[in-house]
Amino acid sequence: MSYGRTKSEDELDPAVIEALAQQLGLNLSSEEAAALTPALVNQIAAMEVITRFDLQEVVPATVFSVGARWDD
Amino acid sequence: MTCKRSFRPLSLVWERVGMTELMDMSLAQVSDLLADGSISSVELTEANLRAIEQTEPAVHAYARVLADGALEAARQADQDIAAGKRRGALHGVPIGIKDNIYMQGILAESGSRVMKGFIPDYDATCVKLLKAAGAVIIGKTHCHEFAYGVNKPPTRTPWNPDCYPGGSSIGSGVAVTSRSSFGALGTDTGGSIRVPAFINGIVGLKPTFGRVSVYGVVPVSWSLDHVGPLTRTVKGNAIMLQGMAGYEPLDPTSANQPVPDFTASIDQGVKGLRIGVERDYFFYNGVTDDIRAAVEGVIEEYRAQGAEIVDVPTIPELEATQDAVFTIVLSEGSTYHRKLIREYADKYDPTTRATVQLGELIPATNYIAAQQLRTRFKNAMKKRFMTHNLDAMLWPTMPITTVPFDDMNVPRKDGVGETPVGSMCHHTFNANLTGQPALSVPCGFAENGLPIGFQLLGKPFDEAMLFRIAHAYEQNHEWHLQKPHIAV
């Protein structure tokens, strides 16, 4: 798994991931769940980096446009 | 693949220079030859097809070569040009298209078994515009599976076949540097045009978000995806952008902005322009000494040419942008693949499959928080540009040169504390978050003999300024003329 920057030593039971994946309709084997678990832990840990910033009043960038030229 | 004979006698240029010299020319140069009748599009296309035959066994840049269709388009271009109906600088010029971009009636497999046999029934808007500009589509270039950048396609960079050739516009970058294409289209979600441009020693542009429509392009991440050109020179890049930019009402992310003449101001130089340099993040300790020295040399050259180099304070949000991008890419990408992964999971490469599955497990609130961080970062970047009255910012396109395949996912050997794959997009994905245009330009070679490039970041819809600044540097150097050992 090459995606991800933040690394975490936190642990998560792969069986939980496997069960969640099954619930979502993903046909994940035990081996795949075990391999995926550290990557998911890292992804969740990445939120710690993002939420260091005060985002309370920030509207998310869900309008997919940069808008007009900045100097207009 | 068939190469039919030209419909008319060989031109003087073709007889004089031959295939190698012809394919060494830039897109802008062959455009000029076509314009003055020194060469025909058929001759150019035949030369390109021979170049492909010669280089493909070593580099595997093309997923499919469209010889018959290209020659037919070239014949039509020659007839139109001869009749005084030349449509512009791209008319009759052969180019490549990344395989995740649709062409009507042509296989578009996006580097995946999932899409095996898929034939779109319409042209992507960028392809439609390029055809209308008279470009000759010579082939579809390889890409990483669904442009995720995690599997291993057959493409190899001629600069060192043992090393990662850049992705995900992998075939486009390699074809251009191998001289088996004058220019090619790529897509860029976190650096997939600029990274292969850097690694292959060529020019790559990620335009402003919305400048080039993504209608008819297989998405990776709707809010981060861009389409742009890879070429050997800055001017050729501007010519290609001219042929593909424009508003597409069918594409909700397309920007209804005027399209200027991208080459009109390209020769105006940099005197009086203000170029910002931020050092804490973009010149961090992960930048290797040779890349740092090369890019510092670029900065000093711009200063000598009369540009004002402006020290820009760092933007604190930069430290979180990589995590934000990964969160957004994984979440949006997995949403696109939601149906496919349930029906064809076994057809995905295991690395791509795991990436898609991972995206489904990320909480929605994390995705929204990443988009909130993006808002903050966009505002901060805009403030830096406006406060310091910048025309562009400049930094290395990548902090390291490419590395052997086996080293991609292991910690860097210099103790920086990240993997090469993490380093490679450290300087590129920021522009995907803000949507600003970003141009990678060659600026030398590292001690290991591999290419180095720098990146210019501009204001939204001001690609012309980036071309102008980059062209001013390129005119004083011959990096764009260097070619790898494995080339035409």
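Throughout this document, residue positions are counted from 1 along each chain, in the order its sequence is written. Ligands are numbered from 1 and chains lettered from A, in the order in which they are written. Restriction of local features to residues with pLDDT of at least 70 applies here, the model being predicted, together with a cutoff of 80 or more for giving and counting side-chain atom pairs; totals for whole chains, interfaces and linings are based on all residues.

A. Spotlight on the overall build of chain B. In this text, helices come from DSSP runs of H or I with a minimum length of four residues, and strands from runs of E with a minimum of two, each type numbered from the N-terminal end. Scanning chain B from N- to C-terminus turns up 16 helices and eleven strands. To get the radius of gyration, use the C-alpha atoms; to get the globule rule, take the number of residues to the power 0.38 and multiply by 2.2 Å. A compact globule built from 488 residues should have a C-alpha radius of gyration of about 23 Å, and chain B, at 21 Å, falls within 12% of that. Principal-axis analysis of the C-alpha atoms places the extent of chain B at approximately 65 × 60 × 45 Å. With C-beta atoms placed from the backbone, a residue is buried if 20 or more other C-beta atoms are within 10 Å of its own, exposed if 12 or fewer are, and partly exposed between those counts. Taking all 488 residues of chain B together, the buried fraction comes to 63%.

B. Examining unusual backbone geometry more closely. Residue and element names in this part refer to chain B. The linkage connecting Gly167 with the following residue, Ser168, adopts the cis geometry, with an omega of 5°. Mapped onto the elements of the fold, Ser168 is located in the loop between strand E3 (136–141) and helix H6 (170–177). At Arg179, a residue that is not glycine, the phi angle is positive and equals roughly 65°. Its place among the elements puts Arg179 in the loop between H6 and strand E4 (183–188). Exposure remark for Arg179: the 26 C-beta atoms within 10 Å place this residue in the buried category. Positioned with a positive phi, Phe461 is a non-glycine residue whose angle comes to about 65°. For Phe461, the position within the fold is in the loop between strand E11 (451–458) and helix H16 (463–474).

C. The environment of B:Gly190, seen in detail. All names here are of chain B. As for its position among the elements, Gly190 is in the loop between E4 and helix H7 (194–200). The buried category is assigned to Gly190, around which 28 C-beta atoms lie within 10 Å. Separated by 165 residues in sequence, Gly190 and Thr355 have C-alpha atoms that sit 15 Å apart.

D. Spotlight on the packing of helix H2 (residues 27–35) of chain B against helix H8 (residues 234–244) of chain B. Residues and elements named next belong to chain B. In the contact formed by H2 and H8, the axes pass within 7 Å of each other and the chain directions differ by 65°. Between H2 and H8, the crossing angle belongs to the class labelled roughly perpendicular. Every residue of H8 that contacts H2 at Leu27, Ala28 and Ser31 is listed here: Lys235, Gly236, Ile239 and Met240. Throughout this entry, Asp, Glu, Lys and Arg are counted as charged residues, while Ala, Val, Leu, Ile, Met, Phe, Trp, Tyr, Cys and Pro are counted as nonpolar. The remaining residues, Gly among them, count as polar. Tallied by class, the residues present in the contact of H2 with H8 amount to four nonpolar, two polar and one charged. Only the stretch in contact is used when fitting a helix axis, every axis being a line fitted to C-alpha atoms; angles between N-to-C directions are given from 0 to 180 degrees. Angle categories: roughly parallel below 35 degrees, roughly antiparallel above 145, roughly perpendicular from 65 to 115, and oblique for all the rest. What counts as a contact is two residues whose backbone-derived C-beta atoms lie within 7 Å of each other.

E. Main features of H16(B). All names here are of chain B. The first and last C-alpha atoms of H16 sit 16 Å apart over twelve residues, in line with the 16 Å expected at 1.5 Å per residue. The buried fraction of H16 amounts to twelve of the twelve residues, a majority that puts the element mostly inside the structure. Those residues of H16 not exposed but buried are Glu463, Ala464, Met465, Leu466, Phe467, Arg468, Ile469, Ala470, His471, Ala472, Tyr473 and Glu474. Residues of H16 that are buried make contact with strand E5 (203–206), H8, helix H9 (289–304), strand E9 (392–396), strand E10 (438–445) and E11. Each residue after the first adds 1.5 Å to the expected span of a helix.

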